[in-house]
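Here are the chains, one letter per residue:
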Amino acid sequence: MVKLLTSEERTLKLQPLIETGGWALVDGRDAMKKSFVFGDFVQAFAFMTLVALKAEKMDHHPEWFNVYNRVDITLSTHDCQGLSSRDIALAEIINQAASTAK
(Lines give C-alpha, C1' and ligand atoms only; values in the text may rest on other atoms or scores of the structure.)
Protein backbone atom coordinates (compact mmCIF):
# COMPACT_ATOMS: atom_id res chain seq x y z
CA MET A 1 0.00 0.00 0.00
CA VAL A 2 1.26 3.46 -0.91
CA LYS A 3 1.43 5.88 2.02
CA LEU A 4 1.32 9.65 2.27
CA LEU A 5 4.61 11.42 2.83
CA THR A 6 5.49 11.80 6.49
CA SER A 7 6.38 15.19 7.94
CA GLU A 8 10.03 14.19 7.83
CA GLU A 9 9.81 13.12 4.17
CA ARG A 10 8.09 16.39 3.31
CA THR A 11 11.00 18.27 4.86
CA LEU A 12 13.82 16.12 3.49
CA LYS A 13 12.49 15.18 0.05
CA LEU A 14 9.63 17.48 -0.96
CA GLN A 15 11.01 20.80 0.27
CA PRO A 16 14.13 20.68 -1.96
CA LEU A 17 11.90 20.10 -5.01
CA ILE A 18 9.93 23.20 -4.07
CA GLU A 19 12.89 25.39 -3.11
CA THR A 20 15.27 24.56 -5.96
CA GLY A 21 13.43 22.20 -8.31
CA GLY A 22 10.69 24.59 -9.42
CA TRP A 23 7.74 22.62 -8.03
CA ALA A 24 4.90 24.26 -6.07
CA LEU A 25 2.16 22.90 -3.86
CA VAL A 26 -1.37 22.96 -5.28
CA ASP A 27 -3.87 25.04 -3.31
CA GLY A 28 -6.66 22.99 -1.73
CA ARG A 29 -5.12 19.64 -2.59
CA ASP A 30 -2.20 17.48 -1.45
CA ALA A 31 -0.41 17.68 -4.79
CA MET A 32 2.45 19.49 -6.48
CA LYS A 33 2.71 21.14 -9.87
CA LYS A 34 5.21 22.56 -12.30
CA SER A 35 5.09 24.17 -15.76
CA PHE A 36 7.72 23.50 -18.40
CA VAL A 37 8.34 25.57 -21.52
CA PHE A 38 10.28 24.20 -24.49
CA GLY A 39 11.49 25.66 -27.75
CA ASP A 40 8.66 24.19 -29.79
CA PHE A 41 5.98 21.51 -29.91
CA VAL A 42 8.42 18.76 -30.94
CA GLN A 43 10.60 19.35 -27.87
CA ALA A 44 7.55 19.41 -25.60
CA PHE A 45 6.22 16.20 -27.12
CA ALA A 46 9.61 14.48 -26.88
CA PHE A 47 9.70 15.42 -23.18
CA MET A 48 6.17 14.06 -22.66
CA THR A 49 7.09 10.82 -24.44
CA LEU A 50 10.15 10.31 -22.27
CA VAL A 51 8.16 10.99 -19.10
CA ALA A 52 5.34 8.71 -20.27
CA LEU A 53 7.71 5.78 -20.78
CA LYS A 54 9.31 6.24 -17.35
CA ALA A 55 5.95 6.78 -15.64
CA GLU A 56 4.54 3.61 -17.21
CA LYS A 57 7.48 1.59 -15.86
CA MET A 58 6.77 3.06 -12.40
CA ASP A 59 3.02 2.48 -12.79
CA HIS A 60 2.60 6.08 -11.66
CA HIS A 61 1.09 8.50 -14.15
CA PRO A 62 1.10 12.30 -14.07
CA GLU A 63 -1.82 14.60 -14.69
CA TRP A 64 -0.72 16.89 -17.47
CA PHE A 65 -1.82 19.49 -19.95
CA ASN A 66 0.00 20.46 -23.14
CA VAL A 67 -0.41 23.44 -25.46
CA TYR A 68 2.23 23.87 -28.15
CA ASN A 69 5.53 24.28 -26.25
CA ARG A 70 4.15 24.29 -22.68
CA VAL A 71 3.55 21.25 -20.47
CA ASP A 72 1.85 21.66 -17.08
CA ILE A 73 2.22 18.68 -14.74
CA THR A 74 0.46 17.89 -11.48
CA LEU A 75 1.59 15.00 -9.30
CA SER A 76 -0.42 13.27 -6.58
CA THR A 77 -0.91 9.62 -5.72
CA HIS A 78 -4.54 8.61 -6.12
CA ASP A 79 -4.08 5.42 -4.08
CA CYS A 80 -3.42 7.46 -0.92
CA GLN A 81 -5.12 10.68 -2.07
CA GLY A 82 -2.05 12.84 -1.64
CA LEU A 83 1.69 13.10 -2.08
CA SER A 84 3.74 9.94 -1.72
CA SER A 85 7.32 8.83 -2.37
CA ARG A 86 6.16 7.92 -5.90
CA ASP A 87 5.53 11.60 -6.60
CA ILE A 88 8.98 12.56 -5.33
CA ALA A 89 10.63 9.93 -7.54
CA LEU A 90 8.62 10.94 -10.61
CA ALA A 91 9.27 14.66 -10.04
CA GLU A 92 13.01 13.97 -10.00
CA ILE A 93 12.71 11.96 -13.24
CA ILE A 94 10.62 14.74 -14.80
CA ASN A 95 13.18 17.41 -13.89
CA GLN A 96 15.96 15.30 -15.41
CA ALA A 97 13.89 14.66 -18.56
CA ALA A 98 13.23 18.39 -18.94
CA SER A 99 16.92 19.23 -18.84
CA THR A 100 17.57 16.53 -21.47
CA ALA A 101 14.75 17.65 -23.78
CA LYS A 102 15.80 21.30 -24.01
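Whatever comes next refers back to the structure up there.
The numbers attached to residues start from 1 for each chain and follow its sequence in the written order. Confidence filtering applies because this is a predicted model: local features only for residues at pLDDT of at least 70, side-chain atom pairs given and counted only at 80 or more, and all residues used for totals across whole chains, interfaces and linings. Only heavy atoms go into the side-chain values, all of them from the structure, while hydrogens and water stay out.

Undergrad: Can you walk me through the pattern of salt bridges in this structure?
TA: Think of it this way: side chains of opposite charge can pair up when their charged atoms draw near. For this analysis, a salt bridge means a side-chain nitrogen from Lys or Arg found within 4 Å of a carboxyl oxygen belonging to Asp or Glu. Scanning all chains against the criterion turns up three salt bridges. Arginine 10 is paired through a salt bridge with aspartate 30; the nearest N and O atoms lie 2.8 Å apart. With arginine 10 in helix α1 (residues 7-19) and aspartate 30 in the loop between β1 (24-25) and β2 (32-37), the pair connects residues that are 20 residues apart, well separated along the chain. Exposure categories follow from relative accessible area, calculated using a 1.4 Å probe and restricted to protein chains: below 20% of the type maximum is buried, above 50% is exposed, and the middle band is partly exposed. For arginine 10, a relative accessible area of 23% puts it in the partly exposed group. Classification of aspartate 30 by relative accessible area gives partly exposed; the value is 25%. Think of it this way: any DSSP run of H or I at least four residues long counts as a helix, any run of E at least two long counts as a strand, and we number them from the N terminus.

Undergrad: Whenever I open this one, the packing of helix α2 (residues 41-58) against helix α3 (residues 85-101) confuses me. Can you help?
TA: Where α2 meets α3, the axes come as close as 9 Å, and the angle between the chain directions of the two elements is 150 degrees. Overall, the two elements α2 and α3 adopt an arrangement that is roughly antiparallel. Here the hand of the crossing between α2 and α3 comes out right-handed. For the pair α2 and α3, contact is made by Gln43, Phe47, Leu50, Val51, Lys54, Ala55 and Met58 and by Arg86, Ala89, Leu90, Ile93, Ile94, Ala97, Ala98 and Ala101, respectively. Its residues placed into classes, the contact of α2 with α3 shows 12 nonpolar, one polar and two charged. Only C-alpha atoms enter the line fits that serve as axes; for helices the fit covers just the stretch in contact. Angles between N-to-C directions range over 0 to 180 degrees. The labels follow the angle: roughly parallel below 35 degrees, roughly antiparallel above 145, roughly perpendicular from 65 to 115, and oblique for the rest. By convention, the crossing between two helices is left-handed when the near helix turns anticlockwise from the far helix through less than a right angle, and right-handed when the turn is clockwise. We call two residues in contact when some of their heavy atoms are within 4.5 Å. All amino acids are sorted into three groups, where Ala, Val, Leu, Ile, Met, Phe, Trp, Tyr, Cys and Pro are nonpolar, Asp, Glu, Lys and Arg are charged, and the leftover types, Gly among them, are polar.

Undergrad: Which parts of the structure should I look at to understand the nonpolar core?
TA: What tends to happen in soluble globular proteins is that the nonpolar side chains get buried as a cluster. As used in this record, nonpolar core signifies buried Ala, Val, Leu, Ile, Met, Phe, Trp, Tyr and Cys residues forming a set joined through side-chain atoms within 4.5 Å. The biggest cluster of nonpolar side chains holds 23 residues, and the ones touching the most others in it are Trp23, Met32, Phe47 and Ile94. For this core, the secondary structure elements donating two or more residues are α1, β2, α2, β4 (70-75) and α3. In terms of residues, this core owes the most to one element, α3, which gives seven residues.

Undergrad: Before we go on, may I ask you to explain the sheet that holds strand β3 (residues 63-67) in this structure?
TA: Within a beta sheet, neighbouring strands are joined by backbone hydrogen bonds and run either parallel or antiparallel to one another. Two strands make a pair as long as DSSP finds a minimum of two bridges between them. If you trace the four strands from one edge of the open sheet to the other, you get β1-β2-β4-β3, paired in antiparallel fashion. Across the chains shown, the open sheet's two edge strands, defined by having one partner strand only, are β1 and β3. As paired strands, β2 and β4 are joined by six bridges and run antiparallel to one another. The residue of β4 that forms the bridge with lysine 34 is isoleucine 73.

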